[in-house]
Amino acid sequence: MSELHIKNHFIPECYLKSWEDQNQKIHIYRLLVAHDNVRMWQTKSISAIAYQKHLYTQVVAGKESDEFEKWFDKEYETPATIVLEKAILEKRLTPDDWIILINFLAAQDVRTPSRLYEHLDRGSDLMSSSLESVLGKLKDKLEHNSIDEITKSEAKRNDLPSIPMKVTIESSNDREGSIVKAETYVGRSSWIYSIKYLLKNTCKELHKHKWTIVKPAKGYKWLTSDNPVIRLNFTNYQNYDLQGGWGKAKGNIIFPISPEHAMFAQIADRPMKRGARLSLEQTIFFRKIMCENASRFIFSSYSDDEVIKIVPRKIDKEQYLFEKNEFAKWHERNKSHEIEFSK
């Protein structure tokens, strides 16, 4: 048996490697700290950052499984490793290379703790819609099949392998109808289900855009973070937000892939010239939103004091310990739900 991967890197090592300094370390700026004695910038190896234990582990058939982590590696990280190197070395990219890069961008956009928090916030509405859909389909089946036939059919279904859902059908007391119950919960399994759905379906939108790779103004470097894909709605430098989508016209998608290179698309518009070096004003703005889009960590190839001015860190021991404790309970809490909903 292969060893279970419990350190789930939500920012892949193959990606962060581009920000290593001459000592093979990444410079880290924390946006939330417990006290002011924490150094502004720390350095660590890429294996020691941007991971959460059991972030993607699931209980499948009664056993802990790291299949989702392996799927990410096989489908997105391993194919992207060589293509990222080509892009950073400024070699010409083939159409197939761009497919791999865009898929990697999509995977990186949906797999972070920031996206997990968004899912937990709006998951109840999404899962309610799923329940309504299931119940609607079962209603039609009930009109043409017996309860026993439907129960056997539902037990064999495999079209929703990851969604945490229990469907039960009971005879009503008057024997003239049936009671259909559908139950679910919002957590790790529902998040993973939504990730797979987005990457297998909605991701197609990203391949419709015209992509290029842009450089910062000379003397500047791109940063990255624990939420590195920026989805920008831009009107002007004072009027913008970072709540864009994958297909919103005139929106921008920015994804730094090294201190010197960032993938860029302006949706429904002509792309910038390949390898374009941005103006000083554009560069300063891009660096600003790269910092503002971060959740808890900013990563750099050097200790960049400008970052501290853009996004001052928050010192809050209570919130820091609360978040640490919530992640410490993450696996056991979701494990119990996954066991319950797999029965």
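Heads up: these notes are all about the structure in this document. On a predicted model such as this, the values are computed, not experimentally measured, just so you know. (Residues numbered from 1 in each chain as written. Predicted model: local features only at pLDDT ≥ 70, side-chain atom pairs only at ≥ 80, totals over all residues. Heavy atoms only, no water.)

## Looking at the overall build of the chain
Right, on to step 1. When its secondary structure is counted, the chain shows nine helices and 17 strands.
Right, on to step 2. Put simply, the chain has 343 residues, and 45% of those count as buried.
Right, on to step 3. In the chain, once contacts between residues fewer than 6 apart in sequence are set aside, the share between residues at least 24 apart is 74%.
Right, on to step 4. For the chain, the accessible area works out to roughly 18,500 Å², and carbon and sulfur atoms hold 50% of it. (Helix = DSSP H or I, 4+ residues; strand = E, 2+ residues; numbered from the N terminus. Buried < 20%, exposed > 50% of the residue type's maximum accessible area, 1.4 Å probe, protein only. Contact = heavy atoms within 4.5 Å. Areas by Shrake-Rupley, 256 points an atom, 1.4 Å probe, with all protein chains shown as cover.)

## What about the sheet that holds strand 14 (residues 252–258)?
Right, on to step 1. In spatial order, the strands read 10-15-14-12-13; together these five strands make up an open sheet with antiparallel pairing. Lying at the two open borders of the sheet, with one neighbouring strand each, are strand 10 (211–214) and strand 13 (239–241). For this sheet, the mean inter-axis angle between neighbouring strands, taken without regard to orientation, is 30 degrees.
Right, on to step 2. Of the strand pairs in this sheet, strand 12 (residues 230–236) and strand 14 are connected by three bridges, and their pairing is antiparallel. Bridge pairing in strand 14 places Leu232 opposite Asn252.
Right, on to step 3. Against the sheet, helix 2 (residues 67–88) contacts strand 10, strand 14 and strand 15 (261–266), and its axis sits at roughly 90 degrees relative to strand 14.
Right, on to step 4. The strands touched by helix 7 (residues 280–292) are strand 12, strand 13, strand 14 and strand 15; relative to strand 12, the strand with the most contacts, the crossing angle is about 130 degrees. (Pairing = 2+ DSSP bridges. Axes fitted to C-alpha atoms, helices over the stretch in contact; angles between N-to-C directions.)

## A few points about the environment of Ala48
Right, on to step 1. Here Ala48 is to be found in the loop between strand 4 (42–44) and strand 5 (51–53).
Right, on to step 2. For the pair Ala48 and His9, spaced 39 residues apart in the sequence, the C-alpha separation amounts to 9.4 Å.

## Some points on the pairing of strand 2 (residues 26–30)
Right, on to step 1. By the criterion of burial, strand 2 is predominantly enclosed, with five of the five residues buried.
Right, on to step 2. Here three bridges tie strand 2 to strand 4, and the two strands are oriented antiparallel to one another. Residue pairing for strand 4: Ile28 is matched across the bridge by Gln42.
Right, on to step 3. Where strand 2 meets strand 16 (residues 297–300), four bridges bridge the pair, whose relative direction is antiparallel. Of the residues in strand 16, the one forming a bridge with His27 is Ser300.

## Points about the pattern of salt bridges
Right, on to step 1. Taken as a whole and judged by the stated rule, the model has 21 salt bridges.
Right, on to step 2. A salt bridge links Glu64 to Lys335, with the shortest nitrogen-to-oxygen separation between them at 3.3 Å. With Glu64 in strand 7 (residues 63–65) and Lys335 in helix 9 (residues 317–341), this pair connects stretches of sequence that are 271 residues apart.
Right, on to step 3. In this structure, Asp269 engages Lys250 in a salt bridge whose closest nitrogen and oxygen atoms are separated by 3.6 Å. (Salt bridge = Lys/Arg side-chain N within 4 Å of Asp/Glu carboxyl O.)

## Remarks on the environment of Lys273
Right, on to step 1. Here Lys273 lies in the loop between strand 15 and helix 7.
Right, on to step 2. For Lys273, a relative accessible area of 71% translates into the label exposed.
Right, on to step 3. Between the C-alpha atoms of Lys273 and Ile213, which are 60 residues apart in sequence, the distance is 8.4 Å.

## Description of the pairing of strand 16
On a regular strand, each side chain points to the face opposite its neighbour's, so the side chains alternate between the two faces of the sheet.
Right, on to step 1. In this sheet, strand 16 lies alongside strand 11 (residues 224–225) in antiparallel orientation, the contact comprising two bridges. Each bridged residue has a counterpart across the sheet, and for Thr224 the counterpart in strand 16 is Phe299.

## Considering the side chain of Ser65
Right, on to step 1. Following the sequence through the fold, Ser65 ends up in strand 7.
Right, on to step 2. A polar contact of 3.2 Å, which involves the side chain of Ser65, links it to the backbone nitrogen of Glu67.
Right, on to step 3. Discounting residues that sit within four places of it in the chain, Ser65 has contacts with Leu4, Tyr56, Thr57, Gln58 and Val60. (Polar contact = N/O pair within 3.5 Å; in protein donor to acceptor, adjacent residues only side chain to side chain.)

## Comments concerning the nonpolar core
Right, on to step 1. Leu199, Leu206, Trp211 and Met263 are the most contacted members of the largest nonpolar core, which has 49 residues in total.
Right, on to step 2. When sequence neighbours within four positions are dropped, the list of residues in contact with Trp211 reads Trp98, Ile102, Leu105, Leu206, Ile253, Met263, Phe264, Ala265 and Pro271.
Right, on to step 3. Ranked by size, the runner-up nonpolar core spans 14 residues in total, among them Leu232, Phe264, Phe286 and Met290. (Core = buried A, V, L, I, M, F, W, Y, C linked by side-chain atoms within 4.5 Å.)

## Focus: unusual backbone geometry
Right, on to step 1. Positive phi values are uncommon outside glycine, yet Ala50 reaches one of about 55 degrees.
Right, on to step 2. With respect to the helices and strands, Ala50 occurs in the loop between strand 4 and strand 5.
Right, on to step 3. Phi is positive for His54, close to 60 degrees, though the residue is something other than glycine.
Right, on to step 4. By secondary structure assignment, the location of His54 is in the loop between strand 5 and strand 6 (58–60).

## Section: the sheet that holds strand 4
Right, on to step 1. Within the open sheet, the four strands sit side by side as 4-2-16-11. Their pairing is antiparallel. Whereas interior strands pair on both sides, the edge strands pair on one side only; in this sheet they are strand 4 and strand 11.

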